[in-house]
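Chain residues, written in single-letter form:
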Amino acid sequence: MDSRQLRHFVAVAETLNYHRAAEQLHMSQPPLSASIRKLEEQLGVQLFERTRRGTALTAAGTAALEDARRALFHTEQFGRVAAATARGEAGSLRIGFVGSATYALMPQVMPVFRARYPEVQLVLAESTTRRLLEDVQQGLLDAALLRFPLVRAHGAQLLPVERDRFVAALPVTHRLARRRRIALEELRDEPFVIFGAEAVPGLHAMALLACQTAGFVPRVQQEAVQVQTVVSLVESGLGVALVPSVAARHATRSLAFRPLHGPGADTEIGIALAWRAERETPAARRFRETLQGLVVA
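Bear in mind the structure is a predicted one, so any value in this text is a computation, not a measurement.

Colleague: Outline the pattern of salt bridges, supporting the account with residue identities and numerical values.
Modeller: Scanning the entire structure with this criterion turns up 17 salt bridges. As a salt-bridge pair, Asp-67 and Arg-70 come within 2.3 Å of each other at their nearest N and O atoms. Linking Asp-67 with Arg-70, this pair stays in helix 4 (residues 59-86), spanning three residues, or about one helical turn. Among the residues examined, Arg-70 registers a relative accessible area of 43% and is labelled partly exposed. Here Glu-289 makes a salt bridge to Arg-286, at a shortest N to O gap of 3.8 Å. Residue Glu-289 and its partner Arg-286 are both found in helix 9 (residues 282-295); the two are separated by three residues, about one turn of the helix. Through salt bridges that share partners, Glu-14, Glu-66 and Arg-69 make up one connected network.

Colleague: Which residues make up the packing of aromatic side chains, and what values go with them?
Modeller: Taken as a whole and judged by the stated rule, the model has five aromatic pairs. Each ring, one from Phe-9 and one from Phe-48, has its centre 5.6 Å from the other, and the planes form 55°; the classification is tilted. Of the two residues, Phe-9 sits in helix 1 (residues 3-15) while Phe-48 sits in strand 1 (residues 48-51), which places them 39 residues apart along the sequence. On the basis of relative accessible area, Phe-9 is assigned to the buried category, the value being 2%. Judged by centre distance (6.2 Å) and plane angle (45°), the ring pair of Phe-192 and Phe-216 falls under tilted.

Colleague: Let's hear about the nonpolar core: which residues, and what values?
Modeller: Core analysis: the biggest nonpolar cluster contains 39 residues, and Phe-166, Leu-184, Leu-187, Leu-242, Val-243, Phe-257 and Leu-260 have the highest contact counts within it. Setting aside chain neighbours within four positions, we find Leu-187 in contact with Ala-168, Leu-170, Leu-176, Ile-182, Phe-192 and Phe-216. If you look at the next biggest cluster of nonpolar residues, it comprises 32 residues, including Ile-95, Leu-141, Leu-146 and Ala-283.

The rules behind each value
- Residues numbered from 1 in each chain as written.
- Predicted model: local features only at pLDDT ≥ 70, side-chain atom pairs only at ≥ 80, totals over all residues.
- Heavy atoms only, no water.
- Salt bridge = Lys/Arg side-chain N within 4 Å of Asp/Glu carboxyl O.
- Helix = DSSP H or I, 4+ residues; strand = E, 2+ residues; numbered from the N terminus.
- Buried < 20%, exposed > 50% of the residue type's maximum accessible area, 1.4 Å probe, protein only.
- Phe/Tyr/Trp six-rings, centres within 6.5 Å; stacked < 30°, edge-to-face > 60°.
- Core = buried A, V, L, I, M, F, W, Y, C linked by side-chain atoms within 4.5 Å.
- Contact = heavy atoms within 4.5 Å.

Below you can see the structure in the form of structure tokens.
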């Protein structure tokens, strides 16, 4: 038995007329009749009977009709899903992201991607840049939105999708909080909350580079992993910090975010999409293309 025979059976069962069923199937009547006879022989049961009014389903045919319809649906669905997945329009897509990608980038990209490819099942995982890069390299993630520049060797492809600079995060009571802009060198004597070197090596290195360009090495009071944690520690009075400017979108009354000027102020940071070219799935390619179309200049 194959899907062609099932299609023939359903067409005759729904029309109860071999001639009309053959027209619907775009075939002649004799091959259709032969197909039904062969199906009945394979099953060892009679599916149709001749009556004075024409063709009618037997009890066996009536019982089998709904299952035949379901079988045809799933067969056709199998083909549709396979084709859609090959085009990147269905299937599963595993995307990792750093927490700060949720400030602006993901709210911009995700609604568009979901609207274009509603049949793609998104599996999202938040983590640190280091862990995300490892998961991409090991094939545990299809792609990841992580912090760049990266300071360690890797085999991933990188597509910068959000370019940013540091701003100073200060308690609102800080002596410099009333300034519209701050020279980075003015923070040389302040205790710093800084991104951890092990978990967030890129932001850690770039923050140190910015301070060193301004002529000092920061006095580290506390380390943290997530941008929001760094900001919360500043708000708690543990020091000042250099954070991506997108963090200012979530300012509170007790925090001040101030642009920097002077040496070190132009240190560039950002978020990039990382993936392995040899493992890129069709759905991951669609996600990358969506990002490129929306945010890459």
